Amino acid sequence: MDAVTYAADPAFLLATGAGAIVVLMLLIIRFKVHAFAALTLVSLLTALVAGVATDKVVPVMMSGFGSTLAAVALLVGLGSMIGKILEETGGARVLADTLINRFGEARAPFALGVASLMFGFPIFFDAGLIVLMPILLSVARRVKGSVLHFALPVAGAFAVMHAFVPPHPGPVAASDLLGADIGLLLVVGLPLAVITWYVGAYLYSRYAGNKFILPVPALYQSTDDEVIDNPPSFAMVMTVLLVPVCLIFLDTGLNSLQVAGYIGDDLAWVDTLRMLGNTPVALLLTLLLCLALFTRRFGKVKMEKLCTDSLAPICAVILVTGAGGMFGGVLRSSGIGDALANLLSASGMPVIVAAFVISTCLRVAQGSATVALTTTASLMAPVVSATSGLSELDLCFIVIAIAGGATVLSHFNDSGFWLVSRLLGMDEKTTLKTWTVMETLLGSIAFLLAAGLSLIF
């Protein structure tokens, strides 16, 4: 939803946004108010203080809540069913044992991270994390280490690929707005994403996993440790994992070809394939494949029970994630993010620095990385076009800088913050000390690499 109204003074809007975040932190961390209730309350108060008309307050809140649920609820529900089936039928254990046997316990986090980088090329952050969650937690239970040793490399891999590498929508949209070449952006973005992941996610996970001992969440704890008769093969488990990746690539890959002008926008067969590759449809088809493969081994009754059992524990995940989207939607609609961007756009900073700072501020103000990325690209497009001497590489570096700013400082208004927090069973303080720090490292490292390369080339 577009901004409903603006307060007269941008400084007042900025103070309102900062105050909202402080109040939210106090409610959740100091007074132990449940995150869902705290986010709802602060969203209401922020909308009123920022000057949103009283008859628009609830529609603005519901818009942010509903749009987030539309994006997350289907993915979490379908992904949880797939994960539960893989976990209880022994599929997750088979893959975990194979990874450990081939790479060793010490290298299991690195192996999971590299696999996530490959899966993350076409698959979105939330879908990839949900699909791989039972695998990484099975490895964590087998090795008996902190979940963070395994979760951060996986989540970080999906985060960098989603932010920096086409064919994901953020970098594709930003490159289109700024006139950067998508093919060159892929060549530049991929190695930068890998370097950024290794330093900001993998190496950091080794420190965070030792400092914060996080057990396997109850959702992914097996009811018993007995050996499962007739478990699925490694090839069968990999098929289940690769099907959504391949399907989603139909959507993201064809979208990139359409943006580049290689494929027309009005072809029925393209629309059909993109529909099959849409993430909810891809996960639904994967769930149907799971049922077809495992029902013959374990029976219809067990499959129905596993699907039912998988949904009950994720209610809190979905509601809290939706409330985080509500808070971010209120901040967007109240004009707080735009006020911050307008203040910085005329600051006179170097183009690549201004792009990073504006994107960072938008990210902090409203939460959504994609919104921060695309909005910053729109704001910077006139500046970039008016700046002489920018090469094709410079344009790619600016896109990376914007993506870096859109990655840092994930906090309470980011639905991804709550998704990671609830899936891993972390409290808010631990999530700030681990997930938020890792996201900030990823975005900052990517910006520094892009800015340094822009000075060289």
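Up top is the structure.
For clarity, every value in this text was computed on a predicted model and none was experimentally measured.

Structural notes on the overall build of the protein chain
Here is step 1 of the chain: When helices and strands are counted, the protein chain shows 20 helices and zero strands.
Here is step 2 of the chain: Split into buried and exposed, the 457 residues of the protein chain put 55% on the buried side.
Here is step 3 of the chain: Within the protein chain, contacts between residues at least 6 apart in sequence are counted, and of these 82% link residues at least 24 apart.
Here is step 4 of the chain: Here the protein chain displays about 18,200 Å² of accessible surface, and carbon together with sulfur accounts for 67% of that area.

Some words on the pattern of salt bridges
Here is step 1 of the chain: By the definition in use, this model includes five salt bridges.
Here is step 2 of the chain: The shortest N-O distance in the salt bridge between aspartate 414 and arginine 363 comes to 3.3 Å. Pair noted here: aspartate 414 is in the loop between helix H18 (392–405) and helix H19 (415–423) and arginine 363 is in helix H16 (residues 351–366), with a separation of 51 residues, a long-range link.
Here is step 3 of the chain: Of the charged contacts, one joins glutamate 428 and arginine 422 as a salt bridge, the two residues approaching to 2.9 Å between their closest N and O atoms.
Here is step 4 of the chain: Residue classification places glutamate 428 among the buried positions, given a relative accessible area of 11%.
Here is step 5 of the chain: Residues joined by salt bridges that share partners form a network here, namely Arg363, Asp414 and Glu439.

Some points on H18
Here is step 1 of the chain: Taking 1.5 Å of rise per residue, the 14 residues of H18 would be expected to cover 20 Å, and the 20 Å separating its terminal C-alpha atoms lies within 8% of that figure.
Here is step 2 of the chain: Within H18, twelve of the 14 residues are buried, which leaves it mostly tucked inside the rest of the structure.
Here is step 3 of the chain: When we look at burial in H18, the residues that qualify are Asp394, Leu395, Cys396, Phe397, Ile398, Val399, Ile400, Ala401, Ile402, Ala403, Gly404 and Gly405.

Some words on unusual backbone geometry
Here is step 1 of the chain: For leucine 409, which is not a glycine, the phi torsion comes out positive at approximately 55°.
Here is step 2 of the chain: Mapped onto the elements, leucine 409 comes out in the loop between H18 and H19.
Here is step 3 of the chain: Judged by its relative accessible area of 36%, leucine 409 falls in the partly exposed class.

Topic: the environment of threonine 360
Here is step 1 of the chain: Relative to the helices and strands, threonine 360 resides in helix H16.
Here is step 2 of the chain: Given a relative accessible area of 13%, threonine 360 falls into the buried group.
Here is step 3 of the chain: Expressed as a C-alpha distance, the spacing of threonine 360 and threonine 440, which sit 80 residues apart in the sequence, is 9.8 Å.
Here is step 4 of the chain: Not counting residues within four places of it along the chain, the set of residues in contact with threonine 360 comprises Gly405, Val408 and Leu409.

Rules used throughout
Residues numbered from 1 in each chain as written. Predicted model: local features only at pLDDT ≥ 70, side-chain atom pairs only at ≥ 80, totals over all residues. Heavy atoms only, no water. Helix = DSSP H or I, 4+ residues; strand = E, 2+ residues; numbered from the N terminus. Buried < 20%, exposed > 50% of the residue type's maximum accessible area, 1.4 Å probe, protein only. Contact = heavy atoms within 4.5 Å. Areas by Shrake-Rupley, 256 points an atom, 1.4 Å probe, with all protein chains shown as cover. Salt bridge = Lys/Arg side-chain N within 4 Å of Asp/Glu carboxyl O. Expected span 1.5 Å × (residues − 1).

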